[in-house]
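Residue-level structural notes
Chain residues, written in single-letter form:
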Amino acid sequence: MPNNVDSVLWKKILPVEDIPVMGARVLQAEVGPIAIFRNAQDEVFAILDECPHKGGPLSQGIVHGKSVTCPLHAWNIDLSTGCALEPDVGCAKAFMLKVDAGNVYLNLEEIKAPHA
Amino acid sequence: MRKQKLVLIGNGMAGVRTIEELLKLDSDLYDITIFGAEPHPNYNRILLSPVLAGEQTLEQIVLNDLDWYQSNGIHLHLNKKVVKIDRKERTVTTDDGIVESYDKLLLATGSMPFILPVPGNNLPGVIAYRDIKDTNEMIDVATRYKNAVVIGGGLLGLEAANGLALRGMSVTVIHLASWLMERQLDQVAADLLQSSLEEKGLRFLLSTSTEAILPNAAGDRVGSIRFKGGLEIPADLVVMAAGIKPNTALAESAGLYCNRGIVVNDTMQTFDPRVYAVGECANHRGIAYGLVAPLFEQAKVCANHLAEIGISVYNGSVTSTKLKVTGVDLFSTGKFMGGEGTEEITLADPIGGVYKKLVIQDDRLVGACMFGDTSDSTWYFKLMRDAKNISEIRDSLMFGESNIGDVGHQGHNKIAGMNDADEVCGCNGISKGAIVKAIREQGLFTLDEVKKCTKASSSCGSCTGLVEQVLMNVLGTDYSATPRKKSICGCSEHSHEEIREAIRSKHLISQDQVRAELAWRTPNGCATCRPALNYYLISTWPHEAQDDPQSRFINERAHANIQKDGTYSVIPRMFGGLTTPAELRRIADVAEKYKVPTVKVTGGQRIDLLGIKKDDLPAVWKELDMPSGHAYGKSIRTVKTCVGDEHCRFGTQSSMKMGVDLERMLFGMYAPHKVKLAVSGCPRNCAEAGIKDVGIIGVDSGWELYIGGNGGIKTEVAEFLCKVKTDEEVREYSGAFLQLYREEAWYLDRTVHYLARVGMEYIKQKIVEDTQSRKALYERLLFDLKDAPDPWKDFERAGVDIRQFKSIPIIEENHAK
């Protein structure tokens, strides 16, 4: 992540209202599928759509509080960090994100293919 | 705001467990200080016996090391005895003058050994058996001296005696009563126990009381012991294990009401509202518990109140006993001695060393006492705790769980017969040895802890009974049984039963209402309770409560079955397993067009298209132009049929037509779990109706109805419900039973579990005998299912959010800064 948030090149992704409440939409980005979640408090989170356990599509899980439960083997993932809650261990990459005037933006650098 | 100050007196299992539970609920509420009289951090006191026996080391039995206290910001004072509580100033004072103030005080001072009031009871070499110090002393004495006498033939005394014998001492056990462990065993079992311990080299003097303990010739330590009647035997070590009494001296000196323990109410509060007590020092409803399982239940309740949640109550515990002596299997619980109004079933094989006694009262198991073969003890204990009516299984009760057809994974039902390498949890590949290791090394006590640590029993749950047996075998008496009332999940204190009841009686129609009414701990639940609440709401108040797709598992939201690679499987409905050339052509076309990697015929007589991308689902459904098969839902799945009298030369009834009619009637029916039916046209039963939730078998004079069958994790044969004459009756009776199940079962219970809980008599009464009840149930089912939308066609009415099938298009312009 760049140190200076001001220098981030933000890319508009979609309006918050296009994400189901307590649901997610998926962005097929170069870096991989990114799940963009919206919880009951209208907070928005973006993490790689691959569970650290066996790569399950987290976007398809049940969203509760600030967590999502993976549909494959019910791991709970903290949406703000992408990391599994106890007792499980492992993290899915969490992406920088901002919401401005009802639109979700991601960092263009981050969603491109990872540097070798 | 200043944090409140919580002081815990007693650094043992009950007190520290309470702190652990409290930290889980709220780690910021208190500044915590703990005083412990021993120089050790919290250790597992009940594993002292294996330490004495040389089977475990002291390091292995530490439950919370010093780092734990530090990382949780707890001020720990070891080796400090609190000698004064000033309730007015709210301070406690130690023997060396440390003064600590408190807002809340927790007493967990445990118990004191009962020391016989006989001359010589204070000689060096006369000890109790309570802590690490005693244990170390016994281990040390065993290396230098020969003769040991243990006073007390109860649980603790026998474990001490066994340990000392294993360490090479010659041990005599003195017991006042006429048989061993008289508070846990009847005489037959006790005699068997005695002979088996005698084989291990122990000697016993029963009905014997001690007169004096005498010094040795040098006068520097104990040398012998004399009994009433004059017998005197040599003793280099005397262990007092004649009972314990709650340690209430400190509480009494502070003016707290004590009566054989510090008296507490159902929230573990003493007569001073700022002071709580848990563990062996507390007297709850007249009982001071000395086993760990009840203490942990108390800890949970106490923590709930300390955390100011204040909704939990302790109602007392059902306990059982198991001796921790390797090679001796013994179990007892409840009213094992029988008594007025009870009946006994016994099995005795004195030569084989097996004895079992079951005590029954009013068709319920109320006590058990077993020696030699205790492999079914977990099951008996469960039957007793759940107060289950055993009249229907009474014949075979004595022969254990395996004899009533409840066989676990891979046919194993007895953990005792399994090797360490044998797999207990087939879903997660966890062996018996791995579970035993985790229980020992990580100090686990409950099923939930084992689930968390090892993942065993955390998936399909069919090995739960086996894991409970492992727990019981490793921990013995201290196994903390799953509470009888199980809360729905971590979000709530309430059981499924209480939640269903509240939704019905208070006419709750939204999840927010339920969560507010029943004081949920989380704002919008979790992946366990949300699907259950959603189902309870829509099944209790159909057409009134709103379905919430976001509270459904992905399969019921995407209306297809998610696969391990994130693709989906699609199974169109074929009513009664019947299809047409046109349908087959469309299926073939779709399979080719969408490059479906696998096409498979299912067990439910239809065709599965596997490996479809989520984005393609709407198009696939449209081109198939067939109804949803609901093969993904907690819902009606299929009605399997045989050919029946239209073609079959043996057929007596039109099973295909019956199947199609039933499947159409039940279209769109959500249920606590999946529901499968089958209709066979004659008793040859080619549709395998015997393992279905509702199985219907045609006979010459009508139809036989069977319910509660299951071909899944545990194969269960359906039970006969009744025989009816007409097709309409088949629909009415089956529909009424399914509606009863829909209204009363807990979420994720199959019909077999529901049937086991309420009993066949109850179902027969509601469905067969009470015509009005049956008709009303049937009507409610039809009302609920009226105009059930097809989720593959009618997205709006079925609440299908079609945005989920479209990946987000990248908006090219507009790189905002």
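Everything below is about the structure printed above this text.
Residues numbered from 1 in each chain as written. Chains lettered and ligands numbered in written order. Predicted model: local features only at pLDDT ≥ 70, side-chain atom pairs only at ≥ 80, totals over all residues.

A word on the overall build of chain B. Helix and strand counts for chain B stand at 25 helices and 36 strands. For chain B, the proportion of its 817 residues judged to be buried stands at 47%. Across chain B, every contact between residues at least 6 apart in sequence was considered, and the portion connecting residues at least 24 apart equals 61%. (Helix = DSSP H or I, 4+ residues; strand = E, 2+ residues; numbered from the N terminus. Buried ≥ 20, exposed ≤ 12 C-beta atoms within 10 Å, placed from the backbone. Contact = placed C-beta atoms within 7 Å.)

This part takes up the overall build of chain A. A count of helices and strands for chain A gives one helix and nine strands. Shown N-terminal to C-terminal, the secondary structure of chain A runs as helices and strands in the order β-β-β-β-β-β-β-β-β-α. Taking all 116 residues of chain A together, the buried fraction comes to 44%. Long-range pairs, those at least 24 residues apart, make up 43% of the contacts in chain A between residues at least 6 apart in sequence.

Residue and element names in this part refer to chain B. On the basis of which strands lie adjacent, the open sheet formed by four strands has the order 28-29-31-30 and antiparallel pairing. On the outer flanks of this sheet lie strand 28 (561-562) and strand 30 (598-601), each paired with one strand and no other. Direction of pairing for strand 30 relative to strand 31 (residues 607-612): antiparallel, over a ladder of four bridges. Within strand 31, the position partnered with Thr-598 by the bridge is Leu-610. (Pairing = 2+ DSSP bridges.)

Another point: the interface of chain A and chain B. Chain A puts 31 residues into the contact, and the matching count from chain B is 24 residues. At the level of secondary structure, the elements contributing two or more residues to the side of chain A that touches chain B comprise strand 1 (10-15), strand 2 (23-29) and strand 5 (62-64) of chain A.

All names here are of chain B. Here Arg-742 lies in helix 21 (residues 727-744). Classification of Arg-742 by C-beta neighbours within 10 Å gives buried; the count is 22. Counting along the chain gives 69 residues from Arg-742 to His-673, while the straight-line C-alpha distance between them is 9.0 Å. Look past the residues within four positions of Arg-742 in its chain and what remains in contact with it is Ser-539, Ala-671 and Pro-672.

Let us now look at unusual backbone geometry. Negative phi values dominate among residues other than glycine, just as trans dominates among peptide bonds. Residues and elements named next belong to chain B. Of note, His-507 is a non-glycine position whose phi angle comes to about 50°, a positive value. Considering the arrangement of structural elements, one finds His-507 in the loop between helix 14 (496-505) and helix 15 (511-517). Of note, His-543 is a non-glycine position whose phi angle comes to about 65°, a positive value. Take His-543: it is sitting in the loop between helix 16 (529-540) and helix 17 (554-558).

Here we come to the sheet that holds strand 5 of chain A. Either a parallel or an antiparallel arrangement is found when strands of a sheet pair, and the pairing is made through backbone hydrogen bonds. Residue and element names in this part refer to chain A. One open sheet holds the three strands; their spatial order is 5-6-7, and the pairing between them is antiparallel. The open sheet is flanked by strand 5 and strand 7 (76-78), the only strands paired with a single partner. Going from strand to strand, the sheet's axes swing by 25° on average, the running direction of each strand aside. In this structure, strand 6 (residues 67-69) lies alongside strand 7, joined through three bridges in antiparallel fashion. Bridge pairing links Ser-67 to Asp-78 in strand 7. (Axes fitted to C-alpha atoms, helices over the stretch in contact; angles between N-to-C directions.)

To continue, consider helix 11 (residues 432-442) of chain B. Residues and elements named next belong to chain B. Buried within helix 11 we find Lys-432, Ala-434, Ile-435, Ala-438 and Ile-439. Those residues of helix 11 that are buried lie in contact with strand 26 (423-425), strand 27 (430-431), helix 12 (447-454) and helix 13 (464-475). After helix 11 finishes, the residue Gly-443 shows a positive phi value of roughly 60°.

Ile-36 of chain A together with Phe-737 of chain B are the most contacted members of the largest nonpolar core, which totals 115 residues. Ranked by residue count, the leading element in this core is helix 21 of chain B, at seven residues. Setting aside chain neighbours within four positions, we find Ile-36 of chain A in contact with Ile-13, Ile-19, Ala-24, Arg-25, Leu-27, Val-44, Ala-46 and Val-104 of chain A. (Core = buried A, V, L, I, M, F, W, Y, C linked by C-beta atoms within 7 Å.)

Before going further, it helps to examine helix 4 (residues 132-144) of chain B. All names here are of chain B. Over its 13 residues, helix 4 extends 19 Å from the first C-alpha to the last, a length consistent with the 18 Å expected when each residue adds 1.5 Å. Looking only at helix 4, the buried set comprises Thr-135, Met-138, Val-141 and Ala-142. Taken down its axis, helix 4 places every buried residue within 130° of arc, on the same side. In helix 4, the exposed positions angled more than 90 degrees off the buried face are occupied by Asp-140, Thr-143 and Arg-144. (Expected span 1.5 Å × (residues − 1). Arc of directions from axis to C-beta.)

Let's shift gears to the pairing of strand 2 of chain A. All names here are of chain A. Across the seven residues of strand 2, six count as buried, placing the element largely inside the fold. Of the pairings in the sheet, the one linking strand 2 to strand 3 (residues 32-38) comprises seven bridges and is antiparallel in character. Pairing of Gly-23 across the sheet is with Arg-38, part of strand 3. The turn linking strand 2 back onto strand 3 is made up of two residues.

Further remarks concern the pairing of strand 4 (residues 82-86) of chain B. Residues and elements named next belong to chain B. Relative to strand 5 (residues 91-94), strand 4 is paired through four bridges, and the arrangement is antiparallel. Across the sheet, residue Val-82 finds its bridge partner in strand 5, namely Thr-94. Between strand 4 and the antiparallel strand that follows it, strand 5, lie four residues; Arg-90 among them carries a positive phi value of about 55°.

A word on the environment of Ala-242 of chain B. All names here are of chain B. Mapped onto the fold, Ala-242 is located in the loop between strand 16 (237-240) and strand 17 (244-246). Exposure remark for Ala-242: the 21 C-beta atoms within 10 Å place this residue in the buried category. The sequence separation of Ala-242 and Phe-114 amounts to 128 residues, and the corresponding C-alpha distance is 6.1 Å. The residues touching Ala-242, leaving out its near neighbours within four places in the chain, are Phe-114, Leu-116, Ile-151 and Gly-152.

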